[in-house]
Amino acid sequence: MRRDLSALLVALSLVLFTAACGGGDDAPDADAPADDAMAEAVTPAGSSVIAGAVSFTGTAPEPQPLNLDKECEDLRDDPALAQSVVVNDNGTLRWVFVYVKEGLEGQTFATPTEPVVFDQQGCMYTPHVFGVQTGQPIQILNSDPLLHNIHALPEENRPFNFGMPRQGDERTREFRTPEVMVRIKCDVHPWMSAYAGVLDHPYYATTGEDGSFRIEGLPAGTYTVETWHEEYGTQTQQVTVGDGEEATADFSYAGGTS
């Protein structure tokens, strides 16, 4: 009887000890972070804007036709032109990547779930220069009825290289680390190239047919804005913008400079 009583007391003590230490099937994982820690900290978007244009001075280079093979020529209604230097009719540069380089340190931003669409049409990558956030899906399409190849050559991210042999093929990839810029090439058609600017925030733009850019939703502050062009290099400006204000940042490249 005394032995049974002792065993009962020991068992009762173990139950009380376990309950006090949070044991049992309903206890949370000791390694799991609290709910607040698991929620991603997202800085609310601001109401400030940085806008401007990238001009070109000097004599604009003549558009350079690309030497396509016949199967690619047959897919096109117009000649394919090199996109490395495209000067618009209004004297501005197309395909310039513009982004906030400094001024957002310590802030975190939600990763978009909507993909960036990157297509292959007429044996050209479309778009030629684009931005994407870290972790954001890149939806890679092949709109041509022939084999293409996607070969990404990052320095900070994991590279990828795969073929897309059929029209309608689709793949999804992403980059995890900020990197400006990531070159993408086609090993089947060597004239095909593109560049991706990978950032951990949404404050970037690419100049189009009028050479302008507009970066919206910034918190008020002082920022370093950088432009990148594949032939002419980078330029930076420091820009201060108040809450609800629009600041102007114009850039200019000259032919033959970098």
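Since we're looking at a predicted model, the values are computed, not measured. (Residues numbered from 1 in each chain as written. Predicted model: local features only at pLDDT ≥ 70, side-chain atom pairs only at ≥ 80, totals over all residues. Heavy atoms only, no water.)

Draft legend 1. Quick look at the overall build of the protein. On a plain count of helices and strands, the protein comes out with 3 helices and 17 strands. Pairs at least 24 residues apart make up 65% of the contacts formed inside the protein by residues separated by at least 6 positions. Surface accessibility of the protein: about 14600 Å² in total, with carbon and sulfur atoms responsible for 49%. (Helix = DSSP H or I, 4+ residues; strand = E, 2+ residues; numbered from the N terminus. Contact = heavy atoms within 4.5 Å. Areas by Shrake-Rupley, 256 points an atom, 1.4 Å probe, with all protein chains shown as cover.)

Draft legend 2. Here's a closer look at unusual backbone geometry. Cis rather than trans, the peptide bond between Thr126 and Pro127 has omega equal to 0°. Mapped onto the elements, Pro127 comes out in the loop between β4 (124-126) and β5 (129-133). Cis geometry marks the peptide bond from Val180 to Met181, where omega comes out at 10°. Structurally, Met181 can be placed in strand β10 (residues 179-185). You will see that Cys123, though not glycine, has its phi angle at about 60°, which is positive.

Draft legend 3. Looking closely at the nonpolar core. Grouped together as the largest cluster of nonpolar side chains are 27 residues, with contacts concentrated most on Phe118, Tyr125, Phe130, Ile140, Ile150, Phe175 and Ile184. Non-local contacts of Tyr125, meaning those with residues more than four positions away in its chain, are made with Gln83, Phe118, Asp119, Gln120, Asn149, Ile150, Ile184, Lys185, Cys186, Met192, Ser193 and Ala194. With 24 residues, the next largest nonpolar core counts Tyr203, Phe213, Tyr223 and Val225 among its residues. (Core = buried A, V, L, I, M, F, W, Y, C linked by side-chain atoms within 4.5 Å. Buried < 20%, exposed > 50% of the residue type's maximum accessible area, 1.4 Å probe, protein only.)

Draft legend 4. The pattern of salt bridges, seen in detail. Applying the stated criterion across every chain, the model contains 9 salt bridges. We note a salt bridge from Arg214 to Glu216, for which the minimum N-O separation is 2.7 Å. Assessed through its relative accessible area of 42%, Arg214 is described here as partly exposed. (Salt bridge = Lys/Arg side-chain N within 4 Å of Asp/Glu carboxyl O.)

Draft legend 5. Just the pairing of β5, in detail. Judged by how many residues are buried, β5 sits mostly within the fold: 5 of 5 residues are covered. Covered by surrounding structure in β5 are Val129, Gly131 and Gln133 together with Phe130 and Val132, the residues of both alternating faces. When β5 meets strand β11 (residues 193-199), the two strands line up parallel, connected through 5 bridges. Within the sheet, the bridge partner assigned to Val132 lies in β11 and is Val198. (Pairing = 2+ DSSP bridges.)

Draft legend 6. Representation of the state of the cysteines within the structure. Throughout the structure, instances matching the rule amount to 1 disulfide. The residue that forms a disulfide with Cys72 is Cys123, at a sulfur-sulfur distance of 1.9 Å. Between Cys72 and Cys123, the S-S torsion sits near -70°, and that sign places the bridge as left-handed. Linking Cys72 in helix α3 (residues 70-73) with Cys123 in the loop between β3 (116-121) and β4, this pair joins segments that are 51 residues apart in sequence. Just as Cys72 is buried, Cys123 falls in that class too. Unpaired in terms of disulfides, Cys186 finds its nearest cysteine sulfur in Cys123, a separation of 7.9 Å. (Disulfide = S-S within 2.5 Å.)

Draft legend 7. Structural view of the sheet that holds strand β2 (residues 97-102). Here we have 4 strands laid out as an open sheet, ordered β12-β2-β14-β15, and antiparallel in their pairing. What marks the edges here is a single partner per strand, and that holds for β12 (204-206) and β15 (233-241). Taking the axes of each pair of neighbouring strands and ignoring which way they run, one obtains an average angle of 25° across the sheet. In the sheet, strand β14 (residues 221-229) pairs with β15 via 9 bridges, with the strands oriented antiparallel. Bridged to Val225 within β15 is Gln237. (Axes fitted to C-alpha atoms, helices over the stretch in contact; angles between N-to-C directions.)

Draft legend 8. A look at the sheet that holds β4. Pairing is mixed across the open sheet formed by 4 strands, whose spatial order is β4-β3-β6-β9. Lying at the two open borders of the sheet, with one neighbouring strand each, are β4 and β9 (170-173). If you compare each strand with its neighbour and ignore which way they point, the axes differ by 20° on average.

Draft legend 9. Expanded view of the environment of Asp200. Considering the arrangement of structural elements, one finds Asp200 in the loop between β11 and β12. Between the C-alpha atoms of Asp200 and Gln133, which are 67 residues apart in sequence, the distance is 5.3 Å.

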